[in-house]
Amino acid sequence: MKYLLTLVFLLTANMASAQRNIVESLQTRTPGEGIVNIHQDAYITSLIGLRYVNNAATSGSGKTLKARGFRVQVYAGNNSRVARNEATAVANKVKREFPDMPVYTYFQPPRWLCRIGDFKSIEEAHVAMRKLKESGEFKEVAIVREQINIPIE
């Protein structure tokens, strides 16, 4: 048991060190090697590891990054045509009430979903969820973790 715990600890420590980004790796001071100092905006460092996608439908310039984030789910139905129409109706209602929020309606087997927003933090998603609830139109809303689109301008 002692050996198993030691092995798990070593594997976890190794995985944690492997998850550093390139900037942290370059700035690590190692005896016998040179020193690298990188001066850049923190936003650039936060973009490292994100995937670039060219998608003309999402923004004026058509450039977005895909990243892990949050959306607010306002509808989840089954795989029927009625559920598809209801998801579309909810999406249209959201677009009327909150025109500044991006709306995503799609089929994720086995159900139709309508989700709103591209939030980097759960706090941002929570603020949007409260606004949706306060409107009185959307009662059953939930925050979900999902891949989001971050527009590049």
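Please read all numbers here as calculations on a predicted model, not as lab measurements.

Visitor: So what's going on with the pairing of strand 2 (residues 63–76)? Which residues, and what values?
Guide: Among the 14 residues of strand 2, ten are classified as buried, and the element is accordingly described as predominantly covered. Relative to strand 5 (residues 142–151), strand 2 runs antiparallel, the two sharing ten bridges. Across the sheet, Thr64 pairs through a bridge with Pro151, a residue of strand 5. Bridge count between strand 2 and strand 4 (residues 111–119): five bridges; the pairing is antiparallel. Across the sheet, Ala76 pairs through a bridge with Leu113, a residue of strand 4.

Visitor: Tell me what's going on with the packing of aromatic side chains, and back it up with residues and numbers.
Guide: Considering all chains together, one arrives at one aromatic pair under this definition. Judged by centre distance (5.3 Å) and plane angle (50°), the ring pair of Phe107 and Trp112 falls under tilted. Accessibility expressed as a relative area gives 37% for Phe107, which makes it partly exposed. Taking relative accessible area as the criterion, Trp112 reaches 16% and is therefore assigned buried.

What counts, and at which threshold
Numbering of residues starts from 1 in each chain and follows the order in which that chain's sequence is written. Confidence filtering applies because this is a predicted model: local features only for residues at pLDDT of at least 70, side-chain atom pairs given and counted only at 80 or more, and all residues used for totals across whole chains, interfaces and linings. With hydrogens and water excluded, all non-hydrogen atoms of the structure serve as input to the side-chain values. Using a 1.4 Å probe on the protein chains alone, a residue whose accessible area is under 20% of its type maximum counts as buried, one over 50% counts as exposed, and one in between counts as partly exposed. Helix and strand definitions follow DSSP, with helices as H or I runs of at least four residues and strands as E runs of at least two, each counted in order from the N terminus. Here, a strand pair is defined by DSSP locating no fewer than two bridges between the strands. A pair of Phe, Tyr and Trp rings is counted when the ring centres sit within 6.5 Å of each other, with Trp represented by its six-membered ring. The angle between the planes then sorts it: under 30 degrees is stacked, over 60 is edge-to-face, the rest tilted.

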